[in-house]
Every structure is written in C-alpha cells, then in structure tokens.
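# Report on the structure
Here are the chains, one letter per residue:
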Amino acid sequence: MGEAVNDLRTLKYVAEVARRLAKMLSRTRYQMLVYFLEMTAVEADSLAAEREPDRHDESKPPRN
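Residues numbered from 1 in each chain as written. Predicted model: local features only at pLDDT ≥ 70, side-chain atom pairs only at ≥ 80, totals over all residues. Heavy atoms only, no water.

Okay, the overall build of the protein chain next. When helices and strands are counted, the protein chain shows three helices and zero strands. Mapped in sequence order, the helices and strands of the protein chain form the string α-α-α. Long-range contacts, defined as pairs at least 24 residues apart, comprise 51% of the intrachain contacts of the protein chain with a sequence gap of at least 6. Approximately 5500 Å² of the protein chain is accessible, and the part contributed by carbon and sulfur atoms is 57%. (Helix = DSSP H or I, 4+ residues; strand = E, 2+ residues; numbered from the N terminus. Contact = heavy atoms within 4.5 Å. Areas by Shrake-Rupley, 256 points an atom, 1.4 Å probe, with all protein chains shown as cover.)

Given below as structure tokens:
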C-alpha cells in the first residue's frame, strides 16, 4: 500500500467508500464497524490534506 498512500485520488476514494459503508451500516447493530469506517475516512482525508495542503478539497464547499 506504500504507493497507494501517496496517490491523493486513492486516499480520497478510500475516504468516500468508507463513508458510504458507514452510512449504510449506521442503521444496523454494527456500531464498532461504523466507527472504524468513519475513522478510516477521517485518516484518509487527513493524509490527503497533508500531501496537498495548498489545494482545496473539491468535496467540501468553500467557507465564507
């Protein structure tokens, strides 16, 4: 996974998929898995932000 961690598109994809899975599972009894998926998404976003601090995240609206 060494090269994949360096690819911003991969990190953002991992965050998106993890968030979708967490949303689907949030209605079930698998709360620990939901928490793990949410933390995975946060970590992937954080790594992407570290790799590219000057660029804005396209998935978030700009702050006023």
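On to the packing of helix H2 (residues 8-25) against helix H3 (residues 31-51), then. Helix packing for two helices is described by the angle between their axes and how far apart those axes are. In contact at an axis separation of 8 Å, H2 and H3 are set at 160° when each is read in the N-to-C sense. As the angle between them shows, H2 and H3 are arranged roughly antiparallel. Of the two elements, H2 crosses H3, and the hand of that crossing is left-handed. (Axes fitted to C-alpha atoms, helices over the stretch in contact; angles between N-to-C directions. Parallel < 35°, antiparallel > 145°, perpendicular 65-115°, else oblique. Left-handed = near helix turned anticlockwise from the far one by under 90°.)

Further remarks concern the pattern of salt bridges. As enumerated under the stated definition, the model contains three salt bridges in all. One salt bridge connects Glu16 with Arg20, and the closest N-O pair in it is separated by 2.6 Å. Within this pair, Glu16 and its partner Arg20 are both found in helix H2, separated by four residues, close to a single helical turn. Looking at Glu16, the relative accessible area reads 38%, which means it is partly exposed. (Salt bridge = Lys/Arg side-chain N within 4 Å of Asp/Glu carboxyl O. Buried < 20%, exposed > 50% of the residue type's maximum accessible area, 1.4 Å probe, protein only.)

Quick look at a nonpolar patch on the surface now. Nonpolar side chains collect at one region of the surface, where Tyr30, Leu33 and Phe36 lie side by side and expose about 310 Å² of accessible area between them. Mapped onto the elements of the fold, Phe36 is located in helix H3. (Patch = residues over 30% accessible without salt bridge, like charges linked within 9 Å, V, L, I, M, F, W, Y side chains within 5 Å.)

Right, let's get into the nonpolar core. With seven residues, the main nonpolar core is built from Ala15, Ala18, Ala22, Val34, Leu37, Ala41 and Ala44. Of all the secondary structure elements, the ones that give two or more residues to this core are H2 and H3. For this core, the element with the highest residue contribution is H3, accounting for four residues. (Core = buried A, V, L, I, M, F, W, Y, C linked by side-chain atoms within 4.5 Å.)

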